[in-house]
Every structure is written in structure tokens, then in C-alpha cells.
Amino acid sequence: MRSPRLFLLLLLATLSAPARADIYKCTDADGRVTYTNDRSLGRGCVRLESDLPVSSVPAPVRRPAAAPAAPAATSPGAFPRVSPNDQRSRDDARRQVLQSELANEETALAEAEKALAEQESIRLGDERNYQRVLDRLQPFKDKVELHQRNIEALRREISGLR
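Keep in mind the model is a prediction, meaning the values are calculated, not measured.

Participant: Outline the overall build of the chain, listing residues and values.
Facilitator: Per the secondary structure count, the chain includes three helices and three strands. In sequence order, the chain lays out its α and β elements as α-β-β-β-α-α. Of the accessible surface of the chain, which amounts to about 14,100 Å², a share of 55% is contributed by carbon and sulfur atoms.

Participant: Just give me the short version of the pairing of strand β2 (residues 33–36), but keep the residues and values in it.
Facilitator: Regular strands place their side chains on alternate faces of the sheet. Inspection of the sheet shows strand β1 (residues 24–27) paired to β2 by four bridges, in the antiparallel sense. Each residue of the ladder has a partner; that of Lys25, found in β2, is Tyr35. Linking β1 back to β2 in an antiparallel pair, the connection comprises five residues, with Gly31 at a positive phi of about 90°.

Participant: Please provide a residue-by-residue account of the pairing of β1, values included.
Facilitator: Side chains Tyr24 and Cys26 of β1 all project onto a buried face; the interleaved residues Lys25 and Thr27 project onto a face where none is buried. Relative to strand β3 (residues 45–47), β1 is paired through three bridges, and the arrangement is antiparallel. The residue of β3 that forms the bridge with Tyr24 is Arg47.

Participant: Can you tell me about the nonpolar core, naming the residues and giving the values?
Facilitator: As a rule of thumb, nonpolar side chains are buried together in soluble globular proteins. Among the nonpolar cores identified, the biggest contains 12 residues, and these are Leu98, Leu102, Leu109, Ala112, Leu116, Val133, Leu137, Val144, Ile151, Leu154, Ile158 and Leu161. Elements with a minimum of two residues in this core: α2 (84–121) and α3 (130–159). The element that contributes the greatest number of residues to this core is α3, accounting for six residues.

Participant: Go over the environment of Glu145, please, and point to the residues and values.
Facilitator: In this fold, Glu145 is placed in helix α3. With relative accessibility at 40%, the residue Glu145 sits in the partly exposed group. For Glu145 and Glu113, which are 32 residues apart along the polypeptide, the C-alpha to C-alpha distance reads 9.6 Å.

Participant: Before we move on, could you go through the packing of α2 against α3 and cite the residues and values that matter?
Facilitator: For any two helices packed against each other, the geometry is given by the interaxial angle and the distance between the axes. Running from amino to carboxyl end, α2 crosses α3 at an angle of 160°, the nearest separation of the two axes being 9 Å. In terms of orientation, α2 lies roughly antiparallel with respect to α3. Handedness of the crossing formed by α2 with α3: left-handed. Of the residues in the contact of α2 with α3, the class split is 13 nonpolar, five polar and 11 charged.

Conventions and cut-offs
- Residues numbered from 1 in each chain as written.
- Predicted model: local features only at pLDDT ≥ 70, side-chain atom pairs only at ≥ 80, totals over all residues.
- Heavy atoms only, no water.
- Helix = DSSP H or I, 4+ residues; strand = E, 2+ residues; numbered from the N terminus.
- Areas by Shrake-Rupley, 256 points an atom, 1.4 Å probe, with all protein chains shown as cover.
- Pairing = 2+ DSSP bridges.
- Buried < 20%, exposed > 50% of the residue type's maximum accessible area, 1.4 Å probe, protein only.
- Core = buried A, V, L, I, M, F, W, Y, C linked by side-chain atoms within 4.5 Å.
- Axes fitted to C-alpha atoms, helices over the stretch in contact; angles between N-to-C directions.
- Parallel < 35°, antiparallel > 145°, perpendicular 65-115°, else oblique.
- Left-handed = near helix turned anticlockwise from the far one by under 90°.
- Nonpolar A, V, L, I, M, F, W, Y, C, P; charged D, E, K, R; others polar.

Put into C-alpha cells, the structure is as follows:
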């Protein structure tokens, strides 16, 4: 009874040997390199050692180095120059736009804070549970926080101007 099981176990162990294949590095006439497990696919194939890592990602194409050309039109030196007066007027216009946006945000913040204060003073009849009050007030708090963040960002932007 024991010997058939032992025989079956030994048979399975010998049949389940790890699969192994040789890998070849082949170079064609154009100098392109390919890796394969079939040596008959190309000439100039060399068997790789099994302990070397193999990558399936092709190497970037090397192009011969050309003589340095004239600087491209998109180089920083070829950008059109702006006179200091033009740049100053552009900065002033930008500052005015940012300051008007800042004034609008401050007005919107005052309105949002007023709406929040009004909502905090009201207690509806179905809000016996305090969580319902918090849920009702959350959109108003979010709006106040949004305007505060916008004001901070605009102030940072204005302070970064020359």
C-alpha cells in the first residue's frame, strides 16, 4: 500500500523539474540586438550566462553626434526683450487685477461670514440633535473657508510682484 504512493510521489517529483531555456543575444547586419531562446532565428547569436539579468526594454537609439548648430530660435537668448517700462506697466496692470480680485474676495468673505452668523443664530424645530445643526451649517463654514484661502493666495501673489 505504501510503495505505490511512494512511487507516485517520486514520479511526480522527477517530472516537475524546473523549466529552463537558454537565452541568446543576436545581432543582425544592421547592428540591432535581439534576445531570443531560439538560436536558429539569426546569425551571430551568443548564449548568455544564466546569472546575468535580461531586460526586455530596448535600448534608446544612439544617433551620431553632429556638429553644434546655431542656437535654436526657442533658446532663452532668442526670446524677444521687453523694455523695463513695458514690463513695469504689465506688472502694474497685473497688480490692479489682483487687487480688484482681492477686494471682491474680501466682500464675498464678509457676506459668507454674515450668512454663517445668521444661520448659527437660527435653530430649526427638527434639529433636536446637534449633529443636524452642524450638518446644516457645514456648507456655510466651507464657503467662509474657501474665501479665506482665496484671500491668502491673492495676498501671496501680490506680495510676490516686483
